[in-house]
Amino acid sequence: MKRLVIFDFDGTIFNSVDDVFICFNKALVNHNFPTLTKDEFYKVLGGNIDEMVSLILKDQNTPENMELIKDTYGRLYNESSKENSLPFPNIHEVLRKLQDKGMFIAINSNRKNDSINYFVDRYFNDIDFAVIEGHNTAYPSKPSPCGVEIIMEKLDVSKEESIYIGDSSTDIKTAQNAEIDCIIVKWGYGNQDVWQNDYIIGTVGSPCEILNYF
């Protein structure tokens, strides 16, 4: 019997890629680096900010260049209206129904906590997220199981009682490293290879299908 549902954030709960993509390309232009296509950008998703910038800059990923792009991107993103970032359709209703069933709902993401909290406060103020574990320099990012293990420990929930819901190969590896079940959503930033991974217990094509597992 599951008691804890741990959600990835970007690509699972929230459709945020467009604003991130726009701000990264603006930062690259500002410092005369090549910009990315949307398909190229999808390929660098999944890691924390340092990993993403390193992949974006490729052989120009010196510490100085990485800090330059990170700082500029961070400023541009913080100043942006984030008008393209919205919850995926019907995900709010699903979160509310899981909450009504008495499930613990948590978030484990490589996005920083303050950024996650900004969107949670704005769009999910009626959802009681039991724990939010974003990117923290004190321990490794996903696919390390550290964030998941912290969530389970805080809530005193076992591996067997926990399940991870995400959209990417990083999410699958995170669940696998934490030794918990995993469901993959098809509306995020993953692809056919992710959907056919042998580790997952299933895929869902719409948020309402998540409820079939509980």
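Note that the structure is a prediction, hence the values are computed from the model and not measured. Residue numbers restart at each chain and count upward from 1, following the sequence in its written direction. Local features in this predicted model are restricted to residues of pLDDT 70 or higher, and side-chain atom pairs are both shown and tallied only at a pLDDT of 80 or more, whereas totals for entire chains, interfaces and linings draw on every residue. Note: side-chain values were computed over all heavy atoms of the structure, leaving out hydrogens and water.

Some thoughts on the pattern of salt bridges
Part 1 of the reasoning: The working definition used for a salt bridge is a side-chain nitrogen of Lys or Arg within 4 Å of a carboxyl oxygen of Asp or Glu. Evaluated as defined, the whole model comprises 13 salt bridges.
Part 2 of the reasoning: In this structure, E161 engages R3 in a salt bridge whose closest nitrogen and oxygen atoms are separated by 3.3 Å. Here E161 is found in the loop between α7 (146-155) and β6 (162-166), whereas its partner R3 is found in the segment before β1 (4-7), with 158 residues between them in sequence.
Part 3 of the reasoning: For K142, the salt bridge goes to D8, with nearest N and O atoms at 2.9 Å. Secondary structure follows DSSP: runs of H or I at least 4 residues long count as helices, runs of E at least 2 residues long count as strands, and numbering of each begins at the N terminus.

Side note on the environment of I150
Part 1 of the reasoning: Summarising the element assignment, I150 is placed in helix α7.
Part 2 of the reasoning: Discounting chain neighbours no more than four positions away, the residues touching I150 are E133 and Y139. By definition, residues are in contact when any of their heavy atoms lie within 4.5 Å.

A short note on the pairing of strand β4 (residues 104-112)
Part 1 of the reasoning: When a residue's accessible area, from a 1.4 Å probe over protein chains only, is under 20% of the maximum for its type it is buried; when over 50% it is exposed; and in between it is partly exposed. With 7 of 9 residues buried, β4 lies mostly within the body of the structure.
Part 2 of the reasoning: One bridge is not enough; two strands pair if DSSP finds at least two bridges between them. Two elements, β1 and β4, share 4 bridges in a ladder whose sense is parallel. Across the sheet, the residue bridging to I6 is A106, located in β4.
Part 3 of the reasoning: Looking at chain direction, β4 and strand β5 (residues 131-135) are connected through 4 bridges and run parallel. Note that in β5 the partner of K112 across the bridge is H135.
Part 4 of the reasoning: Assignment of crossover handedness uses the view with strands pointing away from the viewer, where a clockwise path from the first strand over the helix to the second indicates a right-handed crossover. Handedness of the crossover joining β4 and β5 through helix α6 (residues 113-123) is recorded here as right-handed.

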